[in-house]
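Residue strings, one per chain:
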Amino acid sequence: VGEWVLALGAPFGLSQSVSAGIISARGRGDVRIVDYADFLQTDAAINPGNSGGPLVNLKGEVIGVNTAIYSRTGGYMGIGFAVPVNIAKYVVDNLRKTGKVPRGYLGILIQDLDQEMSEWFTEGSPKGILVADVSKDSPAAHAGIQKNDVIIELNGQPVANSGSFRSQIATTPPGTEVT
């Protein structure tokens, strides 16, 4: 967050266009674009036609793929989203190898903790996500996860929100053991 980036693309058919901005947020998963989301948010101008273009840092490294904007008018309003490059690589690699993208599955319904829920479930520490339900005979049920559990880490890394957790599980190959 705060890193300068460049969004390359062809907005409105104007090829070889570049706009500059900063990364405003990482792990943005609550933008109602797709089910599995872990977007980079930027204020670099991303307009129709930029989608699919690279989002690069000032070293020239591709860090994301320009994907969408938040707009009430269809034009730039200062909020754009890019798929992080590691997710794009995962998808491309799997499509090349197998022609499909496997998705990890736990079999739980999850939700973010608000302040009131965190006081009830975690004694005031608003960390993690709440397990709202567990499907019978699911990997989560077999692992002993129960309704009203709070997941605070995935493979030793803090869980920021339900969107990024969902994306991390989805990009974990089926059959992989996680802690």
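For clarity, every value in this text was computed on a predicted model and none was experimentally measured.

**Side note on the packing of aromatic side chains**
For the coordinates displayed, the defined rule picks out 1 aromatic pair. Note on Phe39 and Phe81: the rings are 5.9 Å apart at their centroids and 55° apart in plane angle, and the pair reads as tilted. Linking Phe39 in strand E3 (residues 39–42) with Phe81 in strand E6 (residues 80–84), this pair joins segments that are 42 residues apart in sequence. Comparing Phe39 with Phe81, the two get one shared label, buried.

**Looking at the nonpolar core**
In this structure, Leu106, Ile108, Ile110, Ile129, Val131, Val134, Ala140, Ile151, Leu154, Val159, Phe165 and Ile169 together form the largest nonpolar core, which totals 12 residues. Put simply, the parts of the chain that give this core at least two residues each are strand E7 (108–112), strand E8 (129–134) and helix H4 (162–170). Residue contributions to this core peak at 3 residues, all from E8.

**Considerations on the pairing of E3**
On E3, burial covers both faces: Phe39 and Gln41 on one face and Leu40 and Thr42 on the other are all buried. Alignment of E3 against E6, held across 3 bridges, turns out to be antiparallel. Looking across to E6, one finds that Gln41 is bridged to Phe81.

**Some details on unusual backbone geometry**
The phi dihedral of Phe12 falls on the positive side, at around 55°, and the residue is not glycine. Considering the arrangement of structural elements, one finds Phe12 in the loop between strand E1 (4–9) and strand E2 (17–28). Since its relative accessible area comes to 58%, Phe12 is described here as exposed. For Asn148, which is not glycine, the phi dihedral falls at a positive 80°. Looking at the secondary structure, you find Asn148 in the loop between helix H3 (139–143) and strand E9 (150–151).

Thresholds, definitions, all that
- Residues numbered from 1 in each chain as written.
- Predicted model: local features only at pLDDT ≥ 70, side-chain atom pairs only at ≥ 80, totals over all residues.
- Heavy atoms only, no water.
- Phe/Tyr/Trp six-rings, centres within 6.5 Å; stacked < 30°, edge-to-face > 60°.
- Helix = DSSP H or I, 4+ residues; strand = E, 2+ residues; numbered from the N terminus.
- Buried < 20%, exposed > 50% of the residue type's maximum accessible area, 1.4 Å probe, protein only.
- Core = buried A, V, L, I, M, F, W, Y, C linked by side-chain atoms within 4.5 Å.
- Pairing = 2+ DSSP bridges.

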